[in-house]
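Working through the structure, step by step
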Amino acid sequence: QKEVEQDPGPLSVPEGAIVSLNCTYSNSAFQYFMWYRQYSRKGPELLMYTYSSGNKEDGRFTAQVDKSSKYISLFIRDSQPSDSATYLCAMIPGGAQKLVFGQGTRLTINP
Amino acid sequence: DTAVSQTPKYLVTQMGNDKSIKCEQNLGHDTMYWYKQDSKKFLKIMFSYNNKELIINETVPNRFSPKSPDKAHLNLHINSLELGDSAVYFCASHGRGGHNEQFFGPGTRLTVL
């Protein structure tokens, strides 16, 4: 069993839809939670970063962490074709700088 | 004005050859990483260096040897290339403090024939 599980998709939705992406994890030591976005043939770039349980909002993006359920989510509101990319959740255990990634979900927003 | 750069971008080579990938960051970061992304997009850490010192080695075959001549550079040398080494290799860097953000390079797509 992988430490971080993420549905690889692919996920295809119409423009304007609300998108929900999710990851579950098994390691209780994870303390920092991130979402990276990766466009085709590019390196991942940090989209959202959270430390504790709860919600964090940045524009159309909301990251949610539930440590008790070991579950994190990323919501995209009013999705745009430019949001089409692979979204990777990533986590870091406390005291370490080792990023552990989920498999990534390939998302397509159709105009 | 690229923050993390890698060369080459593409590398096609025969099984058994030795090849190197170079990485440079101009962010003044102390820590650099190599990641491997397989055909299913799964991204896995291979090595981490902090101030030229190896701090993470994720049970990577010893055919892979990272070298950090200074803290702005981290190169990856691969001996006796195998078909299974075909992947995209990403370099990343991270500075002290902040939000644990790692900045990734554009990747090197390695194809072993």
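Whatever comes next refers back to the structure up there.
We now turn to the structure provided with this report. Being a predicted model, the structure only gives us computed values, none of them experimental.

Rules used throughout
Note that residues are indexed from 1 along each chain, following the sequence as it is written. For this description, chains carry letters from A and ligands carry numbers from 1, given in the order in which they are written. Only residues with pLDDT of at least 70 are given local features in this predicted model, and only at 80 or more are side-chain atom pairs given and counted; all residues enter the totals for whole chains, interfaces and linings. As a convention, hydrogens and water are excluded, and side-chain values are obtained from all of the structure's heavy atoms. Strand pairing is defined by DSSP finding a minimum of two bridges between the two strands. Here a helix means four or more residues in a row that DSSP labels H or I, a strand means two or more in a row labelled E, and each is numbered from the N terminus. Whenever a helix is involved, its axis is fitted only over the stretch in contact; in every case the axis is a line through C-alpha atoms, and angles between N-to-C directions fall within 0 to 180 degrees. Only a pair of cysteine sulfur atoms within 2.5 Å qualifies as a disulfide here. Each residue is placed in one exposure class: buried if its accessible area under a 1.4 Å probe, protein chains only, is under 20% of its type's maximum, exposed if it is over 50%, and partly exposed if it falls in between.

1. Points about the sheet that holds strand S7 (residues 64–70) of chain B
Strand pairing in a sheet is mediated by backbone hydrogen bonds. Such pairs are either parallel or antiparallel. All names here are of chain B. The four strands lie next to each other as S1-S3-S8-S7, forming an open sheet whose pairing is antiparallel. Of all strands in the sheet, those with a lone pairing partner are strand S1 (4–7) and S7, marking the two edges. The sheet shows a mean angle of 20° between the axes of neighbouring strands, taken without regard to direction. Bridge analysis of S1 against strand S3 (residues 19–25) gives four bridges, and the strand direction is antiparallel. The residue of S3 that forms the bridge with Val4 is Gln25.

2. A short note on the state of the cysteines
One pass over the full model with this rule turns up two disulfides over all chains. The disulfide bridge from A:Cys23 ends at A:Cys89, spanning 2.0 Å between sulfur atoms. Every disulfide takes its handedness from the sign of the S-S torsion; for A:Cys23 and A:Cys89 that torsion is -100°, giving left-handed. Of this pair, A:Cys23 sits in strand S3 (residues 19–25) while A:Cys89 sits in strand S9 (residues 85–93); the two residues are 66 residues apart in sequence, bridging distant segments of the chain. For the pair shown, A:Cys23 and A:Cys89 are each scored as buried. In this model B:Cys23 forms its disulfide with B:Cys91; the gap between the sulfur atoms is 1.9 Å. Between B:Cys23 and B:Cys91, the S-S dihedral sits near -75°, and the bridge is therefore left-handed. Pair noted here: B:Cys23 is in strand S3 and B:Cys91 is in strand S9 (residues 87–94), with a separation of 68 residues, a long-range link.

3. Thoughts on the environment of A:Pro10
Residues and elements named next belong to chain A. Considering the arrangement of structural elements, one finds Pro10 in the loop between strand S1 (4–6) and strand S2 (11–14). A relative accessible area of 68% places Pro10 in the exposed class. Here the alpha-carbon distance between Pro10 and Gln31, two residues 21 residues apart in the chain, equals 28 Å.

Worth remembering: the numbers are spatial, not functional.
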